[in-house]
Amino acid sequence: MIVPMKKVNILCEAHDAESTVRSLRALGVMHVEHENAPESTNITKLREQVVVINSALDVLNQVGSSEKERIPQEPLLNKDWREVAGQILDSRKRYEQLEIASRGVIGQIQEWEGWGDIEPSEVQFLQERGVYIRLFLVPLKEVKYFPDDVVVKTIFATGDIAHCVAIARRRFECPYPEIALPKQSVSAMKRQLQEMNEGMESARKDLLSYARYRDSLSKIRRELEKEIEFQEVLSGMGRDGPISYVTGYIPFDVEAQLIAEARKKRWGVLINDPSDIDEVPTLIRNPKWASLIKPVLGLLGLTPGYRELDVSIPFLVFFSLFFGILIGDAGYGVAYILITLILQKVVLKNWILENPDLKTTFSLFYLLGCSAVIWGVLTGVFFGQTWLLNIGYVPPVPELNDPSFIQTFCFFIGALHLSIAHSWRAVLKFPSLTFLSDIGWICVLWTAFFLARYLILGEAFPSFGIGLISAGVLLVIFFTHPQRNVLKGIGTGLATVALSLMNNFTDVISYIRLFAVGLATLAIAETTNTLAFGFGNGIVALVASAVILITGHGLNIILGPMSVLVHGVRLNVLEFSGHANVTWSGTAFDPLKEE
């Protein structure tokens, strides 16, 4: 549920503003709304420091994970973090410069290594004594056309082009492209490259040595960010002569706690219900099981508006159902559960200990895996279906393998899902007559269900369908915006029907994506099995089959959650939320607090 909020104004003497903000931060119950733009020289400097420390941490995070794990963390103690961050950035810059330069040297080595180890200074020495050495690119058939007093040697050829060295005791003209001598010999280039590699290794070791300060730098960054938040609240306070005040929002159930603190600190406090124009933050409190959907909403950055519905429970229920249908394979469900278990107990064990909130994410993964297992058991699908049916397995609900039935089922889920949204709105609107407009839309949705079956599956359209759509349209027309001026209200209702009637039909139809994507997943699994078991007998066939099975089913296991994010989330966030009038335009409740 979305927790009711109270709007709070706290007044204090201007010289007590800083201590007031510190006390509010210690209390940790108030979401602050700035009265003035929170800008100051101090805030700008702090933000610049955060940029520097973020850059340093980004560099340290690029160190190989295995190397990071071997490095014990140490406190900075008396070291200045600015100096340490500067050294980290300097080492990274040095490494990058050497890496870029080394690429150039490697290119030069590759270009000249075929010519041999040419020493430019020796060529110049010979030229001063009347021996001229020049390099040319000459077609192989024309090498013999050089003057008789010019000695020509083909060093190597690329295609029909000879890379030649020409030696003479005089200057001579040549119509072929001449290659300028390198600035240094290949051996010198290799020595230079070795020095660069040593410099890069030195910079890398420096970065590894600085990695022991990662945790300390992360802690300092959190402290800086908290200080920025504090300074922004202080700078954003309203001022009226000798009085300063801070405005914000608190959950209704901490009002007494805030008043007690105000009496203790001798603040002035004004507490009201938020007005319709206030941008109230959203705080959601749900039972532990319903909070399982929180990681999905957090990943997508979705927060309902304060005056909207909290759709966490229907979102979780239908998202789990959609996951089961879209994955549709008990074997894949077991794989997801095992992967989650390994990540939780082995790979990410330490990270979970540091971030207890991740337990909710893993619980969600277990739930979704179980959903896929249940649907796979009901339909008889375990890493494909044909092989399981061939050994005699009888699905408990064979109708779920009938394309017509499952398409009807998808349309039914769509009509039910969207009807829940309108029923919820109707309950909230009651006893206002506008609740009847949502009843009308429910009639329209179920008419869309019957119409979809008629148009797509060829099922008979029920005799009561015309009456159902007629009743629905009339309820929407008359009760969307009931007014004393009946004609004006009807006009508004007609406009609503004209804009939304077709949308309701297409929204119900869109749930057929559950059938289509689930069928595609099964088809990939079946194709994988067919290819894998078509190689016959023998070791080679066994190895080939194993490779195909692992690759095909592995690809399906990877792509499955992506399809759920695209389709399962869409049906909740767009279709359902649109009918529930949830625009996800809210701001999450974020109180000023110490940690």
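It should be noted that the structure appears before, not after, this text.
Residues numbered from 1 in each chain as written. Predicted model: local features only at pLDDT ≥ 70, side-chain atom pairs only at ≥ 80, totals over all residues. Heavy atoms only, no water.

(A) View of the packing of helix α11 (residues 330-347) against helix α20 (residues 539-579). For the pair α11 and α20, the least separation of the axes is 11 Å and the interaxial angle reads 75°. When the axes of α11 and α20 are compared, the pair comes out roughly perpendicular. Of the residues in α20, those in contact with Y332, A335, Y336 and I339 of α11 are H553, N556, I557, G560 and P561. Residue classes in the contact of α11 with α20 are distributed as 6 nonpolar, 3 polar and no charged. (Axes fitted to C-alpha atoms, helices over the stretch in contact; angles between N-to-C directions. Helix = DSSP H or I, 4+ residues; strand = E, 2+ residues; numbered from the N terminus. Parallel < 35°, antiparallel > 145°, perpendicular 65-115°, else oblique. Contact = heavy atoms within 4.5 Å. Nonpolar A, V, L, I, M, F, W, Y, C, P; charged D, E, K, R; others polar.)

(B) Structural detail: the environment of I442. Along the chain, I442 turns up in helix α16 (residues 435-457). The buried category is assigned to I442, whose relative accessible area is 15%. Considering only alpha carbons, one finds I442 and S185, 257 residues apart in sequence, at a separation of 83 Å. If we skip the residues at most four places from it in the chain, I442 touches S419, H422 and S423. (Buried < 20%, exposed > 50% of the residue type's maximum accessible area, 1.4 Å probe, protein only.)

(C) Highlighting α16. The terminal C-alpha atoms of α16, which comprises 23 residues, lie 33 Å apart, in line with the 33 Å expected from a rise of 1.5 Å per residue. Remark: G458 follows α16 within two positions and exhibits a positive phi of approximately 75°. (Expected span 1.5 Å × (residues − 1).)

(D) Spatial organisation of the side chain of H422. Residue placement: H422 occurs in helix α15 (residues 403-429). Judged by its relative accessible area of 4%, H422 falls in the buried class. One polar contact links H422 to D438, side chain to side chain, over a distance of 2.8 Å. Among residues more than four places away in sequence, those in contact with H422 are D438, W441, I442, L445 and H579. (Polar contact = N/O pair within 3.5 Å; in protein donor to acceptor, adjacent residues only side chain to side chain.)

(E) A look at the pairing of strand β4 (residues 151-158). Pairing analysis gives 7 bridges linking β4 to strand β5 (residues 161-168), with the strands arranged antiparallel. The partner of V152 across the bridge, within β5, is A166. Linkage of β4 to β5, two consecutive antiparallel strands, is achieved through a turn of 2 residues, within which G159 is found at a positive phi near 65°. (Pairing = 2+ DSSP bridges.)

Read these as geometric descriptors, not functional statements.
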